[in-house]
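# A structural walkthrough
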Amino acid sequence: MAAGSNVPYSATSKPPKRNSLLSFLSVKSTKIIIIVFSCLLCYLLGVWQHSASSISRTTSLTSISCLQPTTTTGLDFSTHHLAEGEFAASEEVKVYPPCDVKYSEYTPCEDPKRSMKFNRRRMIYRERHCPEKHELLKCRVPAPYGYKNPFVWPKSRDLAWYANVPHKGLTVAKAVQNWIRYEDDRFRFPGGGTMFPNGADAYIDDIGKFINLKDGSIRSAIDTGCGVASWGAYLLSRNILTMSFAPRDTHEAQVQFALERGVPAMIGVLASQRLPYPSRAFDMAHCSRCLIPWGQFDGILLIEVDRVLRPGGYWILSGPPINWKTHWRGWNRTKKDLKDEQKVIERVAKSLCWKKLVERKEISIWQKPHNHLACKTNRKIAQTPPFCLSSQDPDSAWYTKLETCLTHLPEVSSSQETAGGELAKWPERLNAISPRISRGLVKGVTPEVFTENTELWKKRVSYYKTLNNQLGQPGRYRNLLDMNAYLGGFAAAMTDDPVWVMNVVPAEAEINTLGVIYERGLIGTYQNWCEAMSTYPRTYDLIHADSLFSLYKDRCEMEDILLEMDRILRPEGSVIFRDDVDVLVRMKRIGDAMKWNSQIVDHEDGPHQREKLLFAVKSYWTAPTSLQNKSQTS
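Residues numbered from 1 in each chain as written. Predicted model: local features only at pLDDT ≥ 70, side-chain atom pairs only at ≥ 80, totals over all residues. Heavy atoms only, no water.

- In the annotation of an unreviewed UniProt entry, the entry for the protein reads Methyltransferase, and the organism field reads Tripterygium wilfordii.
- In its Sequence similarities (unreviewed entry) section, the UniProt record describing the protein reads: "Belongs to the methyltransferase superfamily." (UniProt positions renumbered as here; feature names shortened; annotations may be inferred.)

Listed below in structure tokens is the structure:
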């Protein structure tokens, strides 16, 4: 057929090449559309399923604090996130049995039997002496039979259950001093003390005549040889937070009584080592007949008080030898003995450049200078104690030996300036930029970092309260512990609740931030968590641990830290862990073996964060009554 003809192709003729391609593309496009639609449908179904799981998981978590069995349809981490070297799910789980009832008040690093092996001079035997690794208990410390949750604060200030601290010796030894009374099934704390027979409130009012305790300038205090901590207990109503400490001694659990009352306290003693607090930590220090030999050993114990006292801070001493001319007969000591003791104390205080403000009745008050300008000018060349070397870190206080040298205060340009920077009054102090931060003394922590951290912990604590509904119930918790506190953000976010927080900066932490915590008006201590804490069993209602086990990886056994946490946690107390998910899986497995009820939950920023949270509750259990009675009579 001639070219250009309009005659159609026959049935056997091939179609033009262009039309063939269009047909092929049409078929392929249809297939692609179907595949894309299928993928999109699967994605939407997955999103819907994950959303439903998240809602179910969040809803179920609110019951964990009530000790109800929890179920979840969310992600299961138990088989998919095993840390390197960790046992498989099919392996046998280690069991942690109850310890013998004789360990119900076990304080590993202040064990009375172990302490007798050490030097009794200067009270060294009552310092920390921890067990060797092969001596560590691998069991759970029991609560006494009949143990009950403490009274709710502020009622607990005045009352404690006898079953929780079953010792009546102190009611006899201190009967005339009105420390403590035994009434049926409980103890009552009338607020008395050796040197304040009219009660702690009246005694504090006497101090308030010479020091302003109401304007917020005094926020943190330390009570050496605290007894049952009534001084610190009654200062709380004045918004003054006190670190009370006393050794574990023959008076039967003074510090344990303080903790049962809901008052901050630790086992401790002024002996041969620095107290575990930074320099310039406290606005006020106190000793009421605490039996500390202040004038002995070249005044080294008073020199340590000077280290932890803030510029312009106060030292209060009541009892012997103050006003010895009036009271020497009642103290069963000679006039000369008391006169010589006070003379030595006055001399040591003067050598520290302290100014004596008042001596009235049985109370004397000295004030530390606001800076050392005049002190350096007025000191003679040979005067003791000498200033410490600039190479000596004043904040180093974990197993750091005491030295008879005066801690340097930061340099100032005028006699009116407060060394280290003036602190804001409470409560503004809590969120004001710490002088240590504003002066660039804390590596890597700027004012911006501090502010961001404060806001971050407000968000985190708010999230915690949505997961643990009891955390938001006033009175459910009283004694809190933050095992890796950093800048104290967790404690700062809890200040509106009726709680107090012991902020711990681990001795192994890269940055020493405990000074910042104290400048915020909070309290805390140093601690190596490979060792036991200087406190009694069942001290804390809630423990918080942020990235602690990542810090202690390869330093000591995880189970030993968790068993220590179990020792110091009350029955039905709670724990909140933050850490990498692999670490939490290992912790949960050990916690389950300790009979904790626990659950891993998502980070507050959502499920795609490797950092997760582990909420746990310690179960209620006590020693059997037969064993308890046998232990008390043996």
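### A look at the sheet that holds strand β8 (residues 309–318)
- Reading across from one edge, β6-β5-β4-β7-β8-β10-β9 is the order of the seven strands in this open sheet, with mixed pairing throughout. The outermost strands of the open sheet, each flanked by one partner alone, are β6 (265–267) and β9 (355–360). Strand-to-strand, the axes of this sheet are offset by a mean angle of 20°, without reference to chain direction.
- Note: strand β4 (residues 220–224) against strand β5 (residues 241–246), five bridges, orientation parallel. Its bridge partner lying in β5, A221 is registered against T242.
- Those strands touched by helix α9 (residues 335–351) are β8, β9 and β10 (363–367), and its axis lies near 150° from that of β9. (Pairing = 2+ DSSP bridges. Helix = DSSP H or I, 4+ residues; strand = E, 2+ residues; numbered from the N terminus. Axes fitted to C-alpha atoms, helices over the stretch in contact; angles between N-to-C directions. Contact = heavy atoms within 4.5 Å.)

### With respect to helix α4 (residues 200–208)
- Among the residues making up α4, those that are buried are A200, Y203, I204 and I207. For α4, the angular spread of the buried residues around the axis is 95°, confining them to a single face.
- Lining the buried residues of α4 we find α5 (230–235), β7 (282–288), β8 and β10. (Buried < 20%, exposed > 50% of the residue type's maximum accessible area, 1.4 Å probe, protein only. Arc of directions from axis to C-beta.)

### A few points about the state of the cysteines
- Counted by the stated rule, this structure contains six disulfides.
- Between the sulfur of C287 and that of C290 lies a disulfide, 2.0 Å long from S to S. Measuring the twist about the S-S bond at about -95°, one finds the C287-C290 disulfide to be left-handed. With respect to burial, C287 and C290 carry one shared label: buried.
- Here C388 connects covalently by a disulfide to C405, the sulfurs 2.1 Å from one another. A torsion of 90° about the S-S bond marks the disulfide between C388 and C405 as right-handed. Of the two residues, C388 sits in the loop between α10 (373–378) and α11 (435–438) while C405 sits in the loop between α10 and α11, which places them 17 residues apart along the sequence.
- Residue classification places C388 among the buried positions, given a relative accessible area of 7%. (Disulfide = S-S within 2.5 Å.)

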